Every structure is written in C-alpha cells, then in structure tokens.
Amino acid sequence: MYYPFAIFSQQDADTIVDCRKGEVLRYVPYNLPNSIKLKLEKLVELLHLNTGSIDMVVTPKGEYIFLEVNPVGQFVAYGQLCNSYLDRLVAEKL
C-alpha cells in the first residue's frame, strides 16, 4: 500500500532545499501514476522491504526523480499532516 502526499516547499526560500526548515507548508494527498507505482514496487521487492518512506520530487516538466528510501519509514508526523494517520494503520496491522 502506498500513501503518497505532496509537500509544496518551493514557494518559500527557507524550504526550497529542505522542507523541514519552514514554518507552514502545504501537505496534500497525492495520486502517483501507475507506472511510478510499478517501479516503486520493484524497488521495494529488490530491497526486501516491508515498510519504508520514499522521497521523490516531480520536476516542472512532470518527471519523477527518486531521491532516497528510508527503510524504517517516517509516517507519524506526515500522516497527521495529510490526515491519513498512518500510525493507526500500522498499529492495526500489528
């Protein structure tokens, strides 16, 4: 399962490089294209992950650029910001 969201960080000079530097950013749920989902599924399988957080950027031309994968995942704060409450979903699976 994927719970992607977008962080609008490019409108503020403080958050252009690192979105954690800003005060107020806009976080919204995001719908990944199926082609990107399939590529991410292959990556997750190759890395033998059962959870994780994947960072990507979308260029103004609509290109998806992979940045990193955090195999531990970062879901509590971001889940709350996007109203997905991923911590509850993880707890239910346990």
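Whatever comes next refers back to the structure up there.
Position numbers for residues start from 1 in each chain and track the written sequence from start to end. Only residues with pLDDT of at least 70 are given local features in this predicted model, and only at 80 or more are side-chain atom pairs given and counted; all residues enter the totals for whole chains, interfaces and linings. Excluded from the side-chain calculation are hydrogens and water; included are all heavy atoms of the structure.

Asks: Sorry if this is basic, but what is going on with the overall build of the protein chain here?
Replies: Counting its regular elements, the protein chain contains 3 helices and 4 strands. Per the convention used, a helix needs a DSSP run of H or I reaching at least four residues, while a strand needs a run of E reaching at least two, with both numbered from the N terminus. What you see in the protein chain, going N to C, is helices and strands ordered as β-β-α-β-β-α-α. Classification of residues uses two cut-offs on accessible area relative to the type maximum, computed with a 1.4 Å probe and protein chains only: under 20% is buried, over 50% is exposed, and between them is partly exposed. Within the protein chain, the proportion of its 94 residues that are buried is 18%. Throughout, a contact is declared for two residues whenever any of their heavy atoms are within 4.5 Å. For the protein chain, contacts bridging at least 24 residues in sequence account for 29% of all contacts bridging at least 6. Here the Shrake-Rupley method, with its probe set to 1.4 Å, supplies the accessible areas, and only the displayed protein chains count as covering residues. Carbon together with sulfur atoms contributes 55% to the accessible area of the protein chain, which is approximately 7500 Å² in total.

Asks: Looking at this model, I keep getting lost on the environment of methionine 56. Mind explaining?
Replies: Mapped onto the elements of the fold, methionine 56 is located in strand 3 (residues 53-58). Among the residues examined, methionine 56 registers a relative accessible area of 26% and is labelled partly exposed. Separated by 13 residues in sequence, methionine 56 and valine 69 place their C-alpha atoms 9.1 Å apart.

Asks: Sorry if this is basic, but what is going on with helix 1 (residues 34-46) here?
Replies: Each α-helix winds once per 3.6 residues, and so residues spaced three or four apart point in a common direction. For helix 1, with 13 residues, the first-to-last C-alpha span of 18 Å sits near the 18 Å given by 1.5 Å per residue. One or two residues past the end of helix 1 sits histidine 48, with phi positive at roughly 55°. Here a helix's expected span is defined as the number of its residues, less one, multiplied by 1.5 Å.

Asks: Is there a simple way to explain unusual backbone geometry in this structure?
Replies: Negative phi characterises most residues that are not glycine, and trans characterises most peptide bonds. Phi angles above zero are rare outside glycine, and histidine 48 is one such case at about 55°. Take histidine 48: it is sitting in the loop between helix 1 and strand 3.

Asks: Got a minute to help me understand a nonpolar patch on the surface in this structure?
Replies: What makes a patch is a set of residues exposed beyond 30% relative accessible area and free of salt bridges, joined within 9 Å when like-charged and within 5 Å when nonpolar (Val, Leu, Ile, Met, Phe, Trp, Tyr). Definition used for salt bridges: Asp or Glu carboxyl oxygen within 4 Å of a side-chain nitrogen of Lys or Arg. A surface patch of nonpolar side chains, amounting to about 340 Å² of accessible area, comprises Met1, Tyr3 and Leu89. Mapped onto the secondary structure, leucine 89 falls in helix 3 (residues 86-93). The exposure class of leucine 89 is partly exposed, given its relative accessible area of 31%.

Asks: Can you walk me through the pairing of strand 4 (residues 64-70) in this structure?
Replies: Looking down a regular strand, the side chains alternate between one sheet face and the other. Pairing of strand 3 with strand 4, which is carried by 6 bridges, proceeds in the antiparallel orientation. Across the sheet, isoleucine 54 pairs through a bridge with valine 69, a residue of strand 4. Paired strands, as defined in this entry, are two strands with at least two bridges between them according to DSSP. Counting the residues between successive antiparallel strands, the hairpin from strand 3 to strand 4 contains 5 residues, one of them, glycine 62, with a positive phi of roughly 85°.

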